[in-house]
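Each chain, written out:
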Amino acid sequence: QVQLVESGGGLVQAGGSLRLSCAASGIAFWMYAMGWYRQAPGKQRELVATISTGGDTNYANSVKGRFTISRDNAKNTVYLEMNSLKPEDTAVYYCKSTRWPRDYWGQGTQVTVSS
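Notes on the structure in this doc start here. What you see is a predicted model, and the numbers here were worked out from it, not measured in a lab. (Residues numbered from 1 in each chain as written. Predicted model: local features only at pLDDT ≥ 70, side-chain atom pairs only at ≥ 80, totals over all residues. Heavy atoms only, no water.)

So, about the nonpolar core. Of all hydrophobic cores here, the largest spans 30 residues; its most connected members are Trp36, Val78, Leu80, Met82 and Tyr93. Going through the elements one at a time, strand E3 (18-25), strand E4 (33-39), strand E5 (46-51), strand E7 (67-72), strand E8 (77-82), strand E9 (91-99) and strand E11 (109-114) are the ones with two or more residues in this core. At four residues, E3 tops the list of elements feeding residues into this core. (Core = buried A, V, L, I, M, F, W, Y, C linked by side-chain atoms within 4.5 Å. Buried < 20%, exposed > 50% of the residue type's maximum accessible area, 1.4 Å probe, protein only. Helix = DSSP H or I, 4+ residues; strand = E, 2+ residues; numbered from the N terminus.)

Right, here's the structure in full:
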């Protein structure tokens, strides 16, 4: 059974930092590209950052320079380091694993940034 479990969300003031973690089980983690997505109330889910099996990264323009995605294949875990947080970063953050022919999603973790 595949499971992606996010953790590390919470309430933080603007300008603060959080580190999200996503622990994977039931998959050959090192073979999967991983990503973080977010969904704010009333909005569509959007890509935040991705990391390939080889460690190549990609970021949404809105988070470039503030967020860093990384992975630890020994721990089957992907991270999202979030700095200089803004109220508009408030959303539920989801972890996703990608490898043809299917993707897997975590249940999400809430991040709330107060002004």
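Picking up where we left off.
What follows covers the state of the cysteines. Enumeration according to the criterion identifies one disulfide in this entry. In this model, Cys22 is linked to Cys95 through a disulfide, with the two sulfur atoms separated by 2.1 Å. Taking the sign of the S-S torsion, about -75° here, the bridge from Cys22 to Cys95 comes out left-handed. Highlighted residues: Cys22 in strand E3 and Cys95 in strand E9, separated in sequence by 73 residues. There is no split in this pair, since Cys22 and Cys95 are both buried. (Disulfide = S-S within 2.5 Å.)

When you line up the elements, Lys96 lands in strand E9. Of note is the side chain of Lys96, whose polar atom sits 3.4 Å from the side chain of Asp103. Here Lys96 is in contact with Leu4, Ala33, Met34, Gly35, Tyr37, Asp103, Tyr104 and Trp105, once residues within four sequence places are set aside. (Polar contact = N/O pair within 3.5 Å; in protein donor to acceptor, adjacent residues only side chain to side chain. Contact = heavy atoms within 4.5 Å.)

A few words on the packing of aromatic side chains. Working definition: an aromatic ring pair is given by the centre-to-centre distance plus the angle between the planes. Counted according to the given criterion, the structure contains three aromatic pairs. Aromatic pair Tyr32 and Tyr104: ring centres 6.4 Å apart, planes at 50°, arrangement tilted. One end of the pair, Tyr32, is in the loop between E3 and E4; the other, Tyr104, is in strand E10 (residues 102-105), and 72 residues separate them in sequence. Neither Tyr32 nor Tyr104 differs from the other in exposure class; each is buried. Between Tyr94 and Trp105, the ring centres sit 6.4 Å apart and the planes meet at 85°, which makes this aromatic pair edge-to-face. Pair noted here: Tyr94 is in strand E9 and Trp105 is in strand E10, with a separation of eleven residues, a long-range link. By way of ring pairs, the aromatic residues Tyr37, Tyr94 and Trp105 are connected into one cluster. Here Arg45 stacks its cationic end above the ring of Trp105, 4.6 Å away from the centre of that ring. (Phe/Tyr/Trp six-rings, centres within 6.5 Å; stacked < 30°, edge-to-face > 60°. Lys NZ or Arg CZ within 6 Å of the ring centre and 35° of its normal.)

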